[in-house]
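Here's the letter readout for the chains.
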Protein chains: 2
Amino acid sequence: MSGKSGQPTINDVARLAEVSKKTVSRVINRSPLLNEETRERVEKVIRDLGYVPNPQARALALRRNFLVGLIHDNPNAQMVLNMQHGILEALSGTDFEMIVRPVDRTSPMMLQDVRTFLERQRLFGVVILPPISENDALADLCEELNCRYVRIGSAELDDADHMVASNDREVVREATEHLIHQGHKLIGLVEGPDGFRSAQERRLGFEDALKSAGLPLPRSLIARGNYTFETGVTAANRLFDLSPRPTAIFASNDEMAAGVVFAARERGIIVPDDLSIIGFDDTPIAAHIWPPLTTVRWPIVSMARAAARKLVGDIVGGESAEPQPSVLPSMLVKRSSVAPPPS
Amino acid sequence: MSGKSGQPTINDVARLAEVSKKTVSRVINRSPLLNEETRERVEKVIRDLGYVPNPQARALALRRNFLVGLIHDNPNAQMVLNMQHGILEALSGTDFEMIVRPVDRTSPMMLQDVRTFLERQRLFGVVILPPISENDALADLCEELNCRYVRIGSAELDDADHMVASNDREVVREATEHLIHQGHKLIGLVEGPDGFRSAQERRLGFEDALKSAGLPLPRSLIARGNYTFETGVTAANRLFDLSPRPTAIFASNDEMAAGVVFAARERGIIVPDDLSIIGFDDTPIAAHIWPPLTTVRWPIVSMARAAARKLVGDIVGGESAEPQPSVLPSMLVKRSSVAPPPS
DNA sequence: TTGTACGCGTTATCAT
DNA sequence: ATGATAACGCGTACAA
């Protein structure tokens, strides 16, 4: 090594391989115009030395960091963490690292904050999680700042290069049909908050199923929550006050579904004998409450993995990068919270 | 601006303030040897220009990134995410960002992986989460690589500068005493996995309480789990098979406690009438199962915040940085899973 | 196909 | 107290 500081630099490699820095640089960046023999010689030196390009220097020269940002606005912990796992899975073995950035959806400074963040860190790209992913201004901002981005959502929010989505509407329709096939005719909906695309898509799927079956859907059978356990309890109680009472409830996520289960128990309503419940997400809570919850498994990890691959695929995959899917299927997971209605 | 690329650089500031780059650099880095007048002039230009130092260039020159790493080995999602929140809270408003690094505790490559990671990214420092924080070799590695670190754990693992801990033993003793005061004499323990300091501390606290009360603790009343819901179920069933059956159970974390509740329901054992249960962590699941779980609130966010402040305090706080606490108290949260034993 | 010279934006050295 | 100049390690014109 030239210096004393430990890591070998590109100069060390160049000297030992008896070529110029530039040639080493070409090897690293897989330049096609290179003598095969030269490349091998350089690669051998690189291996022998254990040389790894310095990310800081690359970032400075390229005006772009080898970091993938994760922008989210704190939906629920399990989802965020699963997304992180998916992204890190896709990034493992590459030079990329993940940097996490929570934002406040309700703050008027949100866009400015993100702008500052992106300008400063010069990220390679960002993955944007729902629900903030539905914000078009944010996507435009990324575009403007020349920062790649992929949005994850419950519907096709953007063109295929900038989006990974799930088929919420379709799968909720299936879930609701499962309830209908069991014989339920009075089915309540605990829907997600206004302005969330996921809430909207899931409601549409719910309505699709009821419409196809010729079942009526009075406004009173729909109660809104905001994806938290507590609002699930409240919404359920509103539904329980109805007469006749619904014999089944679809909740737009598991937390609210857990709230419904909780509220039912408080009232002495037995699940699933008196009331069937289906949730959405398949977070751990779904399997851990009593009775275990029938729910929709949302392919979080796969979506995140696909998003990250879409972002860095060109770089790490070279020519061989497989195109990543833009729509990933959810599936119904049947457990014990659904039964035929009481006779 | 000199260039066209948007952000002003240190050169722009120097030119407009009619000083050298180095002087600007001194202003930025709060060098004490600076004419007050010069400093103010430069600061004004900096404000007017909206100049912000380029982190990539700084990283290269300083051989140190302005990034704080979070090293964890996937304990549970809620904890990891809360830790992230705590760290980001401490970092917000500073130039630091957080980069997340999960590792595999069981892999023989773990240390090598971390070494590569730290050498490459040249992090400013890392926060290490339990249980991997208990690994002394990892701390030594950080030391060797000249990377600051703070370990978070259930006991004092290191000197005050390198550690933030909770008082698990003490608070579990209190929790157990709560059970004893209710009249329970046959109390089971679902303990955490072997080799985890948290498991050990909590068990010690449990034993302390029983010993003080003069209660016997036959080996059969202790069942081991590995902090997952499923092992909680298994351990509970082992305890339920005992005759006489314990009238109360302390579980070393909430997930296992939820498993105990689940197992009890499967057997028709009513909580808390037939069985009292206390958990540990106060994750959301504790409040969302039925009955709501009495548990120990573990100050995760505060610990993470303190850890991050300890890491970057010297830099961002200047002289005024308050020393961060090294031991944070947990507290018992009483809900509905505890009652006097059946008569 | 390969090399030379310079730029990226900052900090450090050593003068003055 | 301040400034000229050289690192820091890599990428890119442009030349050879």
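Computed from a predicted model, the values in this text were never measured in an experiment.

**Overview of the sheet that holds strand β8 (residues 248–251) of chain A**
Residue and element names in this part refer to chain A. Taken in spatial order, the 6 strands make up an open sheet running β7-β6-β8-β9-β10-β12, and their pairing is mixed. Among the strands making up the open sheet, the edge pair consists of β7 (222–224) and β12 (331–333). Across the sheet, the mean angle from the axis of one strand to that of its neighbour is 20°, orientation sign disregarded. Pairing geometry for strand β10 (residues 294–297) and β12, over 3 bridges, is antiparallel. Directly across from R297, in β12, lies its bridge partner M331. Each of β6 (187–191), β8, β9 (276–281), β10 and β12 is contacted by helix α8 (residues 168–181), which is oriented at about 165° to β9, the strand it contacts most.

**Observations concerning the packing of helix α8 (residues 168–181) of chain B against helix α9 (residues 197–212) of chain B**
Residue and element names in this part refer to chain B. Remark: α8 packs on α9, axes separated minimally by 7 Å, with the N-to-C direction vectors making an angle of 40°. One element, α8, and the other, α9, form an angle in the oblique class. Here the hand of the crossing between α8 and α9 comes out right-handed. Contact residues: D168, R169, V172, R173, T176, E177 and I180 in α8; S198, E201, R202, L204, G205, F206, D208, A209, L210 and S212 in α9. In the contact of α8 with α9, the residues fall into 6 nonpolar, 4 polar and 7 charged.

**Looking at the relation of the copies chain A and chain B**
The two copies are related by a screw motion: chain A maps onto chain B through a turn of 180° and a shift of 0.1 Å along the axis, at an RMSD of 0.2 Å. Within this description, the copies of the chain are treated as partners about a two-fold rotation axis. By C-alpha distance to the rotation axis, the residue of chain A lying nearest is I99 of chain A, at 2.2 Å. When the interface residues of chain A are mapped onto chain B, 100% of them are again interface residues, pointing to one common binding face.

**So, the protein's contact with DNA strand D**
Close to DNA strand D lie 26 residues, the nearest being I10, K22 and Y51 of chain A together with T23 and T38 of chain B. In this structure, a base nitrogen belonging to DNA strand D sits 2.8 Å away from a side-chain N or O atom of K21 of chain A. One of the side-chain N or O atoms of N29 of chain A is found 3.4 Å from a phosphate oxygen in DNA strand D. Listed by contribution, the elements that provide at least two residues to the surface near DNA strand D are α2 (21–28) and α4 (55–62) of chain A together with α2 (21–28) and α4 (55–62) of chain B. Take the surface near DNA strand D: its biggest share by element is 4 residues, from α4 of chain A.

**Some details on the interface of chain A and chain B**
Counting from both sides, the interface comprises 42 residues of chain A and, opposite them, 42 residues of chain B. Between the two partners, chain A and chain B, sit 4 salt bridges. Residues D95 of chain A and R120 of chain B are paired through a salt bridge, measuring 3.5 Å at the closest nitrogen-oxygen approach. In this assembly, chain A and chain B are joined by 10 residue pairs in polar contact (both at pLDDT 80 or more). Among the elements that take part in the side of chain A that touches chain B, helix α5 (residues 77–91) of chain A stands out by supplying 7 residues, more than any other. The residue makeup of the side of chain A that touches chain B, split by class, is 22 nonpolar, 10 polar and 10 charged.

**Structural notes on the protein's contact with DNA strand C**
Taken together, 26 residues lie around DNA strand C, and T23 and T38 of chain A together with I10, K21 and Y51 of chain B are the ones closest in. Of all DNA strand C atoms lying within 4 Å of any protein atom, the proportion belonging to sugar or phosphate reaches 61%. Within the side chain of T38 of chain A, an N or O atom sits 2.3 Å from a phosphate oxygen of DNA strand C. The side chain of K22 of chain B places a nitrogen or oxygen atom 3.2 Å from a base nitrogen of DNA strand C.

**Describing unusual backbone geometry**
Here the amide bond leading from P130 of chain A into P131 of chain A is cis, since omega sits at 5°, within 30 degrees of zero. The omega torsion across S243 of chain B and P244 of chain B is 5°, close enough to zero to call that bond cis. In this structure, P244 of chain B sits in the loop between α10 (229–240) and β8 (248–251). For R30 of chain B, which is not glycine, the phi dihedral falls at a positive 55°. R30 of chain B gets classed as exposed once you look at its relative accessible area, which sits at 57%.

**What about the pattern of salt bridges?**
Opposite charge on two side chains permits pairing when their charged atoms draw close. All names here are of chain A. Under the defined criterion, the tally for this structure stands at 45 salt bridges over all chains. E89 is paired through a salt bridge with R305; the nearest N and O atoms lie 2.7 Å apart. Within this pair, whereas E89 is found in helix α5, its partner R305 is found in helix α13 (residues 300–317), the two being separated by 216 residues in sequence. Residue E89 is classed as partly exposed on the basis of its relative accessible area, which comes to 42%. Exposure remark for R305: the relative accessible area of 21% places this residue in the partly exposed category.

**Quick look at the state of the cysteines**
Residue and element names in this part refer to chain A. In the structure shown here, the tally under the stated rule is 0 disulfides over all chains. The thiol of C147 is unpaired, and the distance to the nearest cysteine sulfur, on C142, comes to 5.1 Å. Classification of C147 as buried rests on a relative accessible area of 6%.

What counts, and where the lines are drawn
- Residues numbered from 1 in each chain as written.
- Chains lettered and ligands numbered in written order.
- Predicted model: local features only at pLDDT ≥ 70, side-chain atom pairs only at ≥ 80, totals over all residues.
- Heavy atoms only, no water.
- Pairing = 2+ DSSP bridges.
- Helix = DSSP H or I, 4+ residues; strand = E, 2+ residues; numbered from the N terminus.
- Axes fitted to C-alpha atoms, helices over the stretch in contact; angles between N-to-C directions.
- Contact = heavy atoms within 4.5 Å.
- Parallel < 35°, antiparallel > 145°, perpendicular 65-115°, else oblique.
- Left-handed = near helix turned anticlockwise from the far one by under 90°.
- Nonpolar A, V, L, I, M, F, W, Y, C, P; charged D, E, K, R; others polar.
- Least-squares fit on C-alpha atoms with pLDDT ≥ 70 in both.
- Near = heavy atom within 4 Å.
- Polar contact = N/O pair within 3.5 Å; in protein donor to acceptor, adjacent residues only side chain to side chain.
- Salt bridge = Lys/Arg side-chain N within 4 Å of Asp/Glu carboxyl O.
- Buried < 20%, exposed > 50% of the residue type's maximum accessible area, 1.4 Å probe, protein only.
- Disulfide = S-S within 2.5 Å.

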